[in-house]
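# Summary of the model geometry
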Amino acid sequence: MLRRLAAPAGTLVAVAGAFAYVGAVDPNQPGHYPVCPLYALTGLYCPGCGGLRSAHAFVHGDLLGALRDNAFGVAAYVAFAVLWTVWAVRAARGKPLRIDIPTARLWVLGGALLAFTVVRNLPFGGWLHP
């Protein structure tokens, strides 16, 4: 059983360590993390802009702040938690993790991410700025 849970456990330790670091080292203070290259060069927000601030707020229990900084990031944290749980349960039962996402759903997800990126860079999308 320990051998089957090694990969999910290792992944959880790595992700928890990353979240602990971002929770301890505030990305709102300048100088701790590099600036987004796309934002530095163009002034445009990429889909990941605000992700570190979102993770910091999420770790500190500020869900509204996390959503304000990067709503797609919060959705990704929740999706990771669900996927990891399914993976750990299946590994404990000795079954492989199978992810069969239909192509149409991947296109919808990509379109939603593109729409999020475009809207957050338009004048009326200021509420999506990190």
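Position labels on residues start from 1 in each chain and follow its written sequence. Local features in a predicted model are, by the rule used here, given only for residues with pLDDT of at least 70; side-chain atom pairs are given and counted only at 80 or more, and totals for whole chains, interfaces and linings are based on all residues. Calculated side-chain values reflect all of the structure's heavy atoms, with hydrogen atoms and water omitted.

## Considering the overall build of the chain
A helix here means a DSSP run of H or I that spans at least four residues, while a strand means a run of E at least two residues long, and both kinds are numbered starting from the N terminus. Within the chain, the regular secondary structure consists of 6 helices and 0 strands. Expressed as lengths along the three principal axes of its C-alpha atoms, the size of the chain is roughly 50 × 40 × 25 Å. The classification of residues rests on relative accessible area computed with a 1.4 Å probe and restricted to protein chains. Under 20% of the type maximum is buried, over 50% is exposed, and intermediate values are partly exposed. The buried share of the chain, reckoned over its 130 residues, is 23%. Within the chain, residue pairs in contact and separated by at least 24 positions form 55% of the contacts whose partners lie at least 6 positions apart. Only the protein chains shown count as covering a residue, and every accessible area follows the Shrake-Rupley method with a 1.4 Å probe. Carbon and sulfur atoms provide 71% of the accessible area of the chain, an area that totals close to 8800 Å². None of His or the chain ends enter the tally, which takes Lys and Arg as positive and Asp and Glu as negative. To locate a charge, take NZ of a lysine, CZ of an arginine, CG of an aspartate or CD of a glutamate. When the 10 positive and 4 negative side-chain charges of the chain are each reduced to one mean point, those points stand 17 Å apart. Pairs of residues are marked as contacts when any of their non-hydrogen atoms sit within 4.5 Å.

## Some thoughts on the environment of Val15
If you trace the backbone, Val15 turns up in helix H1 (residues 6-24). The partly exposed category is assigned to Val15, whose relative accessible area is 27%. Once the C-alpha coordinates of Val15 and Ala57 are considered, the two residues, 42 residues apart in sequence, prove to be 16 Å apart.

## Examining the nonpolar core
General note: in soluble globular proteins, nonpolar side chains tend to be found buried as a group. Of all hydrophobic cores here, the largest spans 8 residues; its members are Val22, Val25, Tyr33, Ala55, Ala57, Ala66, Val74 and Tyr77. Those elements that provide at least two residues to this core are helix H3 (51-59) and helix H5 (71-92). Those residues in contact with Ala66 that sit more than four places away from it in its chain are Ser54, Ala57, Phe58, Ala71 and Val74. Each nonpolar core is a collection of buried residues, namely Ala, Val, Leu, Ile, Met, Phe, Trp, Tyr and Cys, held together in the definition by side-chain atoms within 4.5 Å.

## A short note on the packing of H1 against H5
Fitted lines through C-alpha atoms give the axes, limited to the stretch in contact for helices. The angle between two N-to-C directions lies from 0 to 180 degrees. Running from N to C, H1 and H5 point in directions that differ by 155°, and their axes come no closer than 9 Å. With respect to H5, the element H1 is oriented roughly antiparallel. Relative to H5, H1 is oriented so that their crossing is left-handed. The segment H1 lies against H5, with Ala7, Pro8, Thr11, Leu12, Val15 and Phe19 engaging Tyr77, Phe80, Trp84, Trp87, Ala88 and Ala91. Throughout, the term roughly parallel applies to angles under 35 degrees, roughly antiparallel to angles over 145, roughly perpendicular to angles from 65 to 115, and oblique to all others. Each helix crossing is assigned a hand: it is left-handed if the near helix lies turned anticlockwise from the far helix by less than a right angle, otherwise right-handed if that turn is clockwise.

## Examining the packing of H1 against H3
Relative to each other, H1 and H3 sit at 90°, their axes nearing to 8 Å. Classed by the angle they form, the pair H1 and H3 counts as roughly perpendicular. Contact with H1, carried on its side by Phe19, Val22 and Gly23, involves Leu52, Ala55, His56, Phe58 and Val59 of H3 and no other residues of that element. Basically, the charged four are Asp, Glu, Lys and Arg, the nonpolar ten are Ala, Val, Leu, Ile, Met, Phe, Trp, Tyr, Cys and Pro, and anything else, Gly included, counts as polar. Of the residues assigned to the contact of H1 with H3, the class counts are 6 nonpolar, 2 polar and no charged.

## Focus: a positive patch on the surface
The patches reported here contain residues having more than 30% relative accessible area and no salt bridge. Joining distances are 9 Å for like charges and 5 Å for nonpolar side chains (Val, Leu, Ile, Met, Phe, Trp, Tyr). We define a salt bridge as a contact between a side-chain nitrogen of Lys or Arg and a carboxyl oxygen of Asp or Glu at a distance within 4 Å. Among the surface-exposed residues, Arg90, Arg93, Lys95 and Arg98 lie close enough to one another that they form a single positively charged patch. As for its position among the elements, Lys95 is in the loop between H5 and helix H6 (103-120). Of the residues examined, Lys95 reaches a relative accessible area of 46% and is grouped as partly exposed.

## Quick look at H6
The first and last C-alpha atoms of H6 sit 26 Å apart over 18 residues, in line with the 26 Å expected at 1.5 Å per residue. Burial in H6 covers these residues: Phe116, Thr117 and Arg120. Considered in projection along H6, the buried side chains sweep an arc of 95° and stay on one side of the axis. Opposite its buried face, H6 presents the exposed residues Thr103, Ala104, Trp107, Val108 and Leu114, each directed more than 90 degrees away. In this structure, the buried residues of H6 make contact with helix H4 (63-69) and H5. Helix span is expected to be 1.5 Å times the residue number reduced by one. Our arc is simply the arc of the directions from the helix axis toward the C-beta atoms.

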